[in-house]
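Below are the chains, spelled out letter by letter.
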Amino acid sequence: MSAPDGSPVGAEASIGQLFASATTEMSALVHDEIALAKAQLRQDVKRGATSGGAFTVAGAVLLFSLPMLNFALAYGIRTWSDWNLAVCFLLSFAANVLLALVLVLIGVVFAKKAKKSQGPQKVAASMKESAGVLQNAKPHPRPELVQDRVPEAIEAVARSSS
């Protein structure tokens, strides 16, 4: 009969097995921390890309809409009022600048969120904390084996019961 980990029932884990188990657990922890850092970095990159996209769209709107929108808006204002045509063109340009400013503000908001996140720094601090705990950890003292429970006796019992 054996335990779920494959060792004989009643046998105590050796120092090597405990060390191997601790090493496996630490390796899994490091892999999980790296996966977390990657996920947070992806989120920061998405926010940065959104910010860059908003700035690009703001520039494109300002550049490509100026001629057509300025003419249409200026002549529309001139039709609804009797103002000078030059004033109407200035008002249409101001409307385009206002739209571009709104898009720039959206880009700034997303850029601040991406800068504020600091996901990888949190993961690095967590990993340093875990390493500090493991460095200061001391093994628990093991009780002395009773004479009838020496490893040879345990092996003999394990062999006879299988």
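Residues numbered from 1 in each chain as written. Predicted model: local features only at pLDDT ≥ 70, side-chain atom pairs only at ≥ 80, totals over all residues. Heavy atoms only, no water.

A. Seen up close, the packing of helix 1 (residues 15-80) against helix 2 (residues 85-117). Where helix 1 contacts helix 2, the two axes come as close as 7 Å, and the packing angle between them is 175 degrees. The angle between helix 1 and helix 2 places the two elements in the roughly antiparallel class. Of the residues belonging to the contact of helix 1 with helix 2, the class tally is 29 nonpolar, nine polar and four charged. (Axes fitted to C-alpha atoms, helices over the stretch in contact; angles between N-to-C directions. Helix = DSSP H or I, 4+ residues; strand = E, 2+ residues; numbered from the N terminus. Parallel < 35°, antiparallel > 145°, perpendicular 65-115°, else oblique. Nonpolar A, V, L, I, M, F, W, Y, C, P; charged D, E, K, R; others polar.)

B. Representation of the confidence of the model for the chain within the structure. Of all residues in the chain, 72% have pLDDT values of 70 or greater, and the mean over the chain is 77. Mean pLDDT across the elements of the chain ranges from a minimum in helix 4 (residues 151-161), with 53, to a maximum in helix 2, with 87. (pLDDT = per-residue confidence, 0-100.)

C. Representation of the environment of S117 in the model. You can see S117 is positioned in helix 2. Expressed as a C-alpha distance, the spacing of S117 and Q40, which sit 77 residues apart in the sequence, is 8.4 Å. Setting aside chain neighbours within four positions, we find S117 in contact with D44, R47 and K122. (Contact = heavy atoms within 4.5 Å.)

D. How the structure looks around the side chain of E33. Mapped onto the elements of the fold, E33 is located in helix 1. Those residues in contact with E33, other than ones at most four positions away along the chain, are V123, S126 and M127.

E. Looking closely at the packing of aromatic side chains. Taken as a whole and judged by the stated rule, the model has two aromatic pairs. Between F71 and F89 the ring centres are 5.3 Å apart and the planes differ by 90 degrees, which places this aromatic pair in the edge-to-face class. Here the residue F71 occupies a position in helix 1, and F89 occupies one in helix 2, the gap between them amounting to 18 residues. On the numbers, 5.9 Å between centres and 75 degrees between planes, the contact of Y75 with F89 is edge-to-face. With Y75 in helix 1 and F89 in helix 2, this pair connects stretches of sequence that are 14 residues apart. According to the relative accessible area criterion, Y75 is partly exposed, its value standing at 44%. (Phe/Tyr/Trp six-rings, centres within 6.5 Å; stacked < 30°, edge-to-face > 60°. Buried < 20%, exposed > 50% of the residue type's maximum accessible area, 1.4 Å probe, protein only.)

F. A look at a nonpolar patch on the surface. A contiguous nonpolar surface patch, about 280 Å² in accessible area, is contributed by W83, V87 and L91. The topology assignment puts V87 in helix 2. (Patch = residues over 30% accessible without salt bridge, like charges linked within 9 Å, V, L, I, M, F, W, Y side chains within 5 Å. Areas by Shrake-Rupley, 256 points an atom, 1.4 Å probe, with all protein chains shown as cover. Salt bridge = Lys/Arg side-chain N within 4 Å of Asp/Glu carboxyl O.)

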